[in-house]
Amino acid sequence: AMNRVQLLGRVGQDPIMRQVEGKNPVTIFSLATNEMWRTGDSDVTQGGEIWYPTSLFLCNLGDISQKTTWHRISVFRPGLRDVTYQYVKRGARLYVEGKIDYGEYTDKNNVRRQATTIIA
């Protein structure tokens, strides 16, 4: 079995480092990825950039639509965690590779919630 994800996007906030008593620290930040497409176009381009062949550039390109997806990234490995916390800044373009983790938690209103996190 394999659980692997690759993301290329922009950092949404400066990373923060958290440590729960008795556990290893973790660096957390958000990453935005974009999908853009033209109306009626079946090819979706990742990473927020569209490539237009020269022959299509002069044609009616139609409306461009975009969808932004936010990902929560958690970095646990000591060396990578510290470098991420120190050097990654909001707005930076970043490639992240890791695994998807699905979890549940209870919020402050005692409501059970689900969370998806990328463990880098």
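Residues numbered from 1 in each chain as written. Predicted model: local features only at pLDDT ≥ 70, side-chain atom pairs only at ≥ 80, totals over all residues. Heavy atoms only, no water.

Going by what an unreviewed UniProt entry lists, the protein chain is known as Single-stranded DNA-binding protein, mitochondrial and is assigned to Spheniscus mendiculus. Quoted verbatim from the Subcellular location (unreviewed entry) field of the UniProt record, the comment on the protein chain reads "Mitochondrion matrix, Mitochondrion nucleoid". (UniProt positions renumbered as here; feature names shortened; annotations may be inferred.)

A.B. asks: I'd like a rundown of the layout of surface pockets, residues and numbers included.
C.D. replies: Empty space within the largest pocket amounts to approximately 480 Å³. Considering the residues around the largest pocket, the lining is formed by 19 residues, among which Ile28, Arg72, Ser74, Phe76 and Thr117 are closest to the centre. Where the lining of the largest pocket is concerned, the elements lending two or more residues are β3 (26–38), β5 (64–75), β6 (93–106) and β7 (112–119). Taken together, the residues that form the lining of the largest pocket break down as 7 nonpolar, 7 polar and 5 charged. (1 Å grid on protein atoms, 1.4 Å probe; cavity = no way out; pocket = protein on both sides within 12 Å on 5 of 7 lines; lining within 4 Å. Points joined across faces, edges and corners; volume = space filled by probe spheres on them. Helix = DSSP H or I, 4+ residues; strand = E, 2+ residues; numbered from the N terminus. Nonpolar A, V, L, I, M, F, W, Y, C, P; charged D, E, K, R; others polar.)

A.B. asks: I'd like a rundown of the pattern of salt bridges, residues and numbers included.
C.D. replies: Summed over all chains, the structure comprises 4 salt bridges. A salt bridge links Arg4 to Glu97, with the shortest nitrogen-to-oxygen separation between them at 3.4 Å. In this pair, Arg4 sits in the segment before β1 (5–11) while Glu97 sits in strand β6, placing the two residues 93 residues apart along the sequence. With a relative accessible area of 55%, Arg4 lands in the exposed category. The closest approach of N and O atoms between Arg113 and Asp107, which form a salt bridge, is 3.0 Å. (Salt bridge = Lys/Arg side-chain N within 4 Å of Asp/Glu carboxyl O. Buried < 20%, exposed > 50% of the residue type's maximum accessible area, 1.4 Å probe, protein only.)

A.B. asks: Residues and numbers for the side chain of Thr33, please.
C.D. replies: Examined against the element boundaries, Thr33 turns out to sit in strand β3. For Thr33, a relative accessible area of 13% translates into the label buried. A distance of 2.8 Å separates the side chain of Thr33 from the side chain of His71, its partner in a polar contact. In this structure Thr33 touches Leu7, Leu8, Gly9, Lys67, Thr68, Thr69 and His71, once residues within four positions along its chain are discounted. (Polar contact = N/O pair within 3.5 Å; in protein donor to acceptor, adjacent residues only side chain to side chain. Contact = heavy atoms within 4.5 Å.)

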